Amino acid sequence: MKIKIGVLGGSFLQIEFVYTAIKLDYQVYIFDGNAQCMLANKAVGNFVHLNFSDEKNLCNFCLENEIKYLFTPSNELGNVIISRLAPKLGFSYNSTEVVLNTIDKGLQRKKSAGLTHMHSPKSLIFNYSIVSVLNKLSFPMVVKPSNSSASRGVKGVNNQDELKDAIEEAKKHLKQDSHIIIEEYIGGTQLSVETITVNGKHYIVGITKEIVSPSPFFIERSHFMDPEVHSLFMPKIEKSIKELLDSNQITWGPCHIELKVDGDKVVLIEIASRSGGLRDRLMLNAGYPDYNKLIINTYIQGSIDLEKLQPPNKYGLVNILTQIEDLYPFVNGKKDKTLESFYFYEKGPEPNPQNLTDAYAYAFYTNSKSLENYSLK
């Protein structure tokens, strides 16, 4: 009998994971409260119209239908829910405390403050005193909600008036028990790192170089994975990443870590105890191992094949389209066949994009040579 697994969320960001699980011959159930979500309409797996935030009904459904494992590749809420349900279903997972700590940026700052290899920017929790901020930090600064994702409410500021405006904007994105963080701006190359942890042992699986728009919004524009990026940055970040994962008590599964590298200095932006959106397909396009397969094997088999952990042998790129002119590399890639796949939302370009939710399309490229010419600016 096939092992039954559940995936929380039926969005575009989960589709590669579902396809991988089906190829591995698992029986997949997809839970989403939106009956019109993408995976409900793709006729893949077994769609269950159930809002997965209803933990009691979700748990009962899993027990009644003998669903043994739950996954949520890039969903924060789903990550918290699985951490609470994993003990009831009988599989190993990071504790709820660990998952919540990796959502709150303020707690992340505290945990990284005393590390040897991983640095943390100077920061403070806003206490509604602008004077206090100006006494402790210098411009430029970055204002962000402690629990936001997709760069919602994140804004760079260069003077006092911009600081006040950014604080008001960040307030709109605050959730219960969250707060505003203000920190110094850190320069350098922005990276994201995908890791896998098996019973407390950490492995770096993929390294992405991120092209980000300038202040004030810092919107991710292009993500590169390639041999040069991997070979340049792996020696610089390996100790920092493993130290960070240990300090956050990560014991199982994927993590998505964003950081800045300036010379030999490695500075934390944030850590999430889940995989990063878009990275699974990007990794395959660059010749990295199948990240989704590694994640599934971690939980179901309790191990991974270390021989599969290999550096990339190709060039992979994903562009995040927010503006109309972002279509030029898309058209060129389609002509010369470097464009591997793409996904368009039903909305069009935003006149003033402010975060990743304003993206209207994703375009994936792969090639045996550099893809710098296809990058967005």
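Residues numbered from 1 in each chain as written. Predicted model: local features only at pLDDT ≥ 70, side-chain atom pairs only at ≥ 80, totals over all residues. Heavy atoms only, no water.

1. Re the overall build of the chain
1) Next: Scanning the chain for helices and strands turns up twelve helices and 17 strands.
2) Next: Taking 21 Å as the expected radius of gyration for a compact globule of 377 residues, we find that the chain reaches 20 Å, a close match to that expectation.
3) Next: The buried share of the chain, reckoned over its 377 residues, is 55%.
4) Next: Across the chain, every contact between residues at least 6 apart in sequence was considered, and the portion connecting residues at least 24 apart equals 65%.
5) Next: Of the accessible surface of the chain, which amounts to about 16,700 Å², a share of 48% is contributed by carbon and sulfur atoms.
6) Next: Measuring between centres, the 41 positive side-chain charges of the chain sit 1 Å from its 42 negative side-chain charges. (Helix = DSSP H or I, 4+ residues; strand = E, 2+ residues; numbered from the N terminus. Rg over C-alpha atoms; globule rule 2.2 N^0.38 Å. Buried < 20%, exposed > 50% of the residue type's maximum accessible area, 1.4 Å probe, protein only. Contact = heavy atoms within 4.5 Å. Areas by Shrake-Rupley, 256 points an atom, 1.4 Å probe, with all protein chains shown as cover. Lys, Arg positive; Asp, Glu negative; His and termini not counted. Charge placed at Lys NZ, Arg CZ, Asp CG, Glu CD.)

2. Topic: the pairing of strand β15 (residues 315-321)
1) Next: Across the seven residues of β15, seven count as buried, placing the element largely inside the fold.
2) Next: Where burial is concerned, the two faces of β15 agree: the one with Y315, L317, N319 and L321 and the one with G316, V318 and I320 are both buried.
3) Next: Taken together, the four bridges between strand β12 (residues 220-225) and β15 define a ladder with antiparallel strand orientation. Bridge pairing links S222 to N319 in β15.
4) Next: Where β15 and strand β17 (residues 361-367) come together, seven bridges link them in antiparallel fashion. Residue pairing for β17: V318 is matched across the bridge by F364. (Pairing = 2+ DSSP bridges.)

3. A look at the packing of helix α1 (residues 15-23) against helix α11 (residues 291-300)
1) Next: Remark: α1 packs on α11, axes separated minimally by 9 Å, with the N-to-C direction vectors making an angle of 65°. Note that α1 runs across α11; the crossing there is right-handed. Contacts between α1 and α11 involve E16, F17, T20 and A21 from the first element and N292, K293, I295 and I296 from the second.
2) Next: The residue makeup of the contact of α1 with α11, split by class, is four nonpolar, two polar and two charged. (Axes fitted to C-alpha atoms, helices over the stretch in contact; angles between N-to-C directions. Left-handed = near helix turned anticlockwise from the far one by under 90°. Nonpolar A, V, L, I, M, F, W, Y, C, P; charged D, E, K, R; others polar.)

4. Brief notes about helix α10 (residues 279-286)
1) Next: Within α10, seven of the eight residues are buried, which leaves it mostly tucked inside the rest of the structure.
2) Next: Looking only at α10, the buried set comprises R279, D280, R281, L282, M283, N285 and A286.
3) Next: G287 sits one or two positions beyond α10 and adopts a positive phi of about 90°.

5. A short note on the side chain of N101
1) Next: Among the structural elements, N101 can be located in helix α5 (residues 96-101).
2) Next: Classification of N101 as buried rests on a relative accessible area of 12%.
3) Next: Excluding its chain neighbours within four sequence positions, the residues that come into contact with N101 are L107, Q108 and K111.

6. Quick look at the environment of S74
1) Next: Counting through the fold element by element, S74 comes out in the loop between β4 (67-71) and α4 (76-89).
2) Next: Residues S74 and Q160 lie 86 residues apart in sequence; the distance between their C-alpha atoms is 35 Å.

7. Remarks on the sheet that holds β4
1) Next: Within the open sheet, the four strands sit side by side as β3-β2-β1-β4. Their pairing is parallel. The sheet is open, and its two borders are formed by β3 (46-49) and β4, each paired with just one other strand. Strand-to-strand twist in this sheet, taken as the mean axis angle between neighbours without regard to direction, amounts to 25°.
2) Next: Those strands touched by α1 are β1 (4-8), β2 (27-32) and β4, and its axis lies near 155° from that of β2.

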